[in-house]
Amino acid sequence: MKKGIAVILAILIALLQVPAFASWICPNCGTAGNTGNFCPNCGARNGYSADEPYDMGIPYIGSAVYTKDQMNMAVLWVQTQLKATGIYYQGYAWDVTGNLGNETQKEIRAFMNDRGYYGHTGNVDQSVIDALADYLGGRIAPVYIGGYYDRMSSIMTGGSAGRMTKIVSNLQDGIAHVTTGARWVQCCLSALGFYTGTIDGKYGEGTEKAVKAFQRAYGFQERDYVTLGVARAMLEACYYSGRIPANLP
């Protein structure tokens, strides 16, 4: 009995000697003097990084309908979840681009038909999103936005949850003209070692060669343009490898 009391006393003494949390400033909202694990103002945890992305959750697009060749985060989310089913949109050729092409529409129609939505167009609407969310339940694959994805703001409309157009070569009379999108791609590929040319914003042969090399290395179909999914993969690769481009436009 005495031995048990002594052990309890020793534990209590040890707990009393544990130092309080060091005061920290929240990097999310700037609140100073925090002493717990979470910021009392915004709820960010101690150690939170402003570059930390978060899961966008289940998109709500209301009455919007995205049709062939539209490229945005809702389409990318749908492609990601089709892959998560383990049945639809499978294999190397089915890369997550964020672009609603013929093959994506075909897989959407197959999925919706199997769920009883006969004659679906294959476009991305709220019924597709809701059907995927209902089918997957707890297996919904996270799709991240915010944080370092906000460094795509110069090539996207509507922030990291929005949309972008393909970044392509814009040769005119044999001359590649300067674009922000091409410069953005060059910055990422230079940081990753795929592009060794001048960062001039011109989508020429050297940039196209580097784009294709990146796509091969990261499991995308080889294309001469950059899709939303490929651009996200470039930025992810930079952050995961610690080679963060300082000069992104």
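Everything discussed here concerns the structure shown above.
Computed from a predicted model, the values in this text were never measured in an experiment.

*Asks:* Describe the pattern of salt bridges, with residues and values.
*Replies:* This model, assessed by the stated rule, comprises four salt bridges. Note that lysine 68 is salt-bridged to aspartate 69, the shortest N-O span being 3.2 Å. By relative accessible area, lysine 68 is classed as partly exposed at 39%. Two residues, arginine 223 and aspartate 95, come together in a salt bridge whose shortest N-O distance is 2.8 Å. In this pair, arginine 223 sits in the loop between helix H6 (205–217) and helix H7 (228–240) while aspartate 95 sits in the loop between helix H2 (73–84) and helix H3 (102–114), placing the two residues 128 residues apart along the sequence. Each member of the pair arginine 223 and aspartate 95 is classed as buried.

*Asks:* Explain H2 residue by residue, including any values.
*Replies:* Along an α-helix, a turn takes 3.6 residues, which lines up residues three or four apart on a common side. The terminal C-alpha atoms of H2 lie 16 Å apart, and with twelve residues this matches the ideal 16 Å at 1.5 Å per residue to within 8%. Along H2, ten of the twelve residues are buried, which leaves the element largely enclosed by surrounding structure. Buried residues of H2: Met73, Ala74, Val75, Leu76, Trp77, Val78, Gln79, Thr80, Gln81 and Leu82, and no others. Elements in contact with the buried residues of H2: H3, helix H4 (126–136), strand S2 (144–145) and H7. Glycine 86 sits one or two residues past H2 and shows a positive phi near 75 degrees.

*Asks:* Give a description of the side chain of aspartate 95 that names residues and reports values.
*Replies:* Taking relative accessible area as the criterion, aspartate 95 reaches 5% and is therefore assigned buried. Within the structure, aspartate 95 has its side chain in polar contact with the backbone nitrogen of glutamine 221 (distance 3.0 Å). What aspartate 95 contacts, discounting residues up to four positions off in sequence, is Gln79, Lys83, Tyr89, Gly219, Phe220, Gln221 and Arg223.

Conventions adopted
- Residues numbered from 1 in each chain as written.
- Predicted model: local features only at pLDDT ≥ 70, side-chain atom pairs only at ≥ 80, totals over all residues.
- Heavy atoms only, no water.
- Salt bridge = Lys/Arg side-chain N within 4 Å of Asp/Glu carboxyl O.
- Buried < 20%, exposed > 50% of the residue type's maximum accessible area, 1.4 Å probe, protein only.
- Helix = DSSP H or I, 4+ residues; strand = E, 2+ residues; numbered from the N terminus.
- Expected span 1.5 Å × (residues − 1).
- Contact = heavy atoms within 4.5 Å.
- Polar contact = N/O pair within 3.5 Å; in protein donor to acceptor, adjacent residues only side chain to side chain.

In short, shape yes, function no, at least from these values alone.
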